Amino acid sequence: MKKVNVKVAAFMMAGAMLCSSCFVGKFALFNSYAKWQTNMTSSKFLNAIVGFIIGPIVGSVCLFVDSLVLNTIEFWSGSNPMHANIGKTQQVMGSDGRYYAVTTLENGYEIKAPTGEMSYFNYDKKKDSWSLTQNGQTRELFRFNQDGTITTVLPEGEQLTVTPNENGLYQVRMAMGDGNFFAMR
């Protein structure tokens, strides 16, 4: 009887180590399939029926490819091939009420104004910083520091280091003269 208990305990310990929730990755393919399956028609009942028919096959294949191929690529490279929206353009309404064409690039974004002006937000992986390129001139906007703070470059060229929270955002807004002031009687 003791041999069985030891074997069961050893088996359960091995199972616990193998199933320790050490999943790395976003499971982007499976999540994309699940999102498509739930939104493929306007009828949730039709979506459920189709989901019951194709779900076991397509869902299993997506989960298998995600866990063995895509998540492995993401683990070793740091990026998931299914999450790349490079070249995708979206229409985004600006604070001025006009629509801007925002295209995802490999290292940032291209923004085309309704007037045709082009701007680029670029991410520099080596410096861990974002910069803005407009009219042929590039200027750094902010940089992530090793200690968890963010150094932002104000329009006048001054640098301000803040914490990434509401207080830090408030400090940047005040330094840029973008504070909202309200008066009450």
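Residues numbered from 1 in each chain as written. Predicted model: local features only at pLDDT ≥ 70, side-chain atom pairs only at ≥ 80, totals over all residues. Heavy atoms only, no water.

(A) Inspection of helix H4 (residues 166–175) at higher detail. Capping the start of H4, asparagine 165 holds a side-chain oxygen 3.1 Å from the backbone nitrogen of asparagine 167, two or three residues further along. Downstream of H4 by a residue or two, glycine 177 has a phi angle that is positive, lying close to 75 degrees. (Polar contact = N/O pair within 3.5 Å; in protein donor to acceptor, adjacent residues only side chain to side chain. Helix = DSSP H or I, 4+ residues; strand = E, 2+ residues; numbered from the N terminus.)

(B) Quick look at the side chain of glutamine 37. Along the polypeptide, glutamine 37 turns up in helix H2 (residues 28–39). Not counting chain neighbours up to four residues away, the residues in contact with glutamine 37 comprise Asn47, Ala48, Val50 and Gly51. (Contact = heavy atoms within 4.5 Å.)

(C) Inspection of the packing of aromatic side chains at higher detail. This structure, assessed with the given rule, holds five aromatic pairs. For the pair phenylalanine 30 and tyrosine 33, a centre-to-centre distance of 6.4 Å together with 50 degrees between the ring planes defines the contact as tilted. Here phenylalanine 30 and its partner tyrosine 33 are both found in helix H2, three residues apart, which amounts to about one turn of the helix. On the accessibility criterion, phenylalanine 30 (27% relative accessible area) is partly exposed. (Phe/Tyr/Trp six-rings, centres within 6.5 Å; stacked < 30°, edge-to-face > 60°. Buried < 20%, exposed > 50% of the residue type's maximum accessible area, 1.4 Å probe, protein only.)

(D) Layout of the packing of H2 against helix H3 (residues 44–77). Viewed as axis vectors pointing N to C, H2 and H3 meet at an angle of 165 degrees, and their least axial separation amounts to 8 Å. Relative to H3, the element H2 lies roughly antiparallel. Between H2 and H3 the crossing geometry is right-handed. In terms of residue class, the contact of H2 with H3 is built from 13 nonpolar, seven polar and one charged. (Axes fitted to C-alpha atoms, helices over the stretch in contact; angles between N-to-C directions. Parallel < 35°, antiparallel > 145°, perpendicular 65-115°, else oblique. Left-handed = near helix turned anticlockwise from the far one by under 90°. Nonpolar A, V, L, I, M, F, W, Y, C, P; charged D, E, K, R; others polar.)

(E) How the structure looks around H3. Taking 1.5 Å of rise per residue, 34 residues should cover 50 Å, yet H3 covers just 38 Å from first to last C-alpha, more than 12% shy of that figure. Of all the bends in H3, the greatest, near 60 degrees, is centred on glycine 55, and the proline proline 56 appears no more than four residues after it. Regarding H3, the residues found buried are Asn47, Gly51, Gly55, Gly59, Cys62, Asp66, Leu70, Asn71 and Glu74. Of the surrounding secondary structure, the elements contacted by the buried residues of H3 are H2. (Expected span 1.5 Å × (residues − 1). Bend = angle between axes of the 7 residues up to and from the residue.)

(F) Broad picture of a nonpolar patch on the surface. On the surface, Phe64, Leu68, Val69 and Ile73 cluster together into a nonpolar patch covering about 370 Å² of accessible area. Among the structural elements, phenylalanine 64 can be located in helix H3. (Patch = residues over 30% accessible without salt bridge, like charges linked within 9 Å, V, L, I, M, F, W, Y side chains within 5 Å. Areas by Shrake-Rupley, 256 points an atom, 1.4 Å probe, with all protein chains shown as cover. Salt bridge = Lys/Arg side-chain N within 4 Å of Asp/Glu carboxyl O.)

(G) Layout of the pairing of strand S3 (residues 108–112). With five bridges connecting them, strand S2 (residues 99–105) and S3 associate as antiparallel partners. The residue of S3 that forms the bridge with threonine 103 is glutamate 110. In this structure, the hairpin formed by S2 and S3 is closed by a connection of two residues. Counting the residues that bridge the hairpin from S3 to strand S4 (residues 118–124) gives five residues, and of these glycine 116 lies at a positive phi of roughly 100 degrees. (Pairing = 2+ DSSP bridges.)

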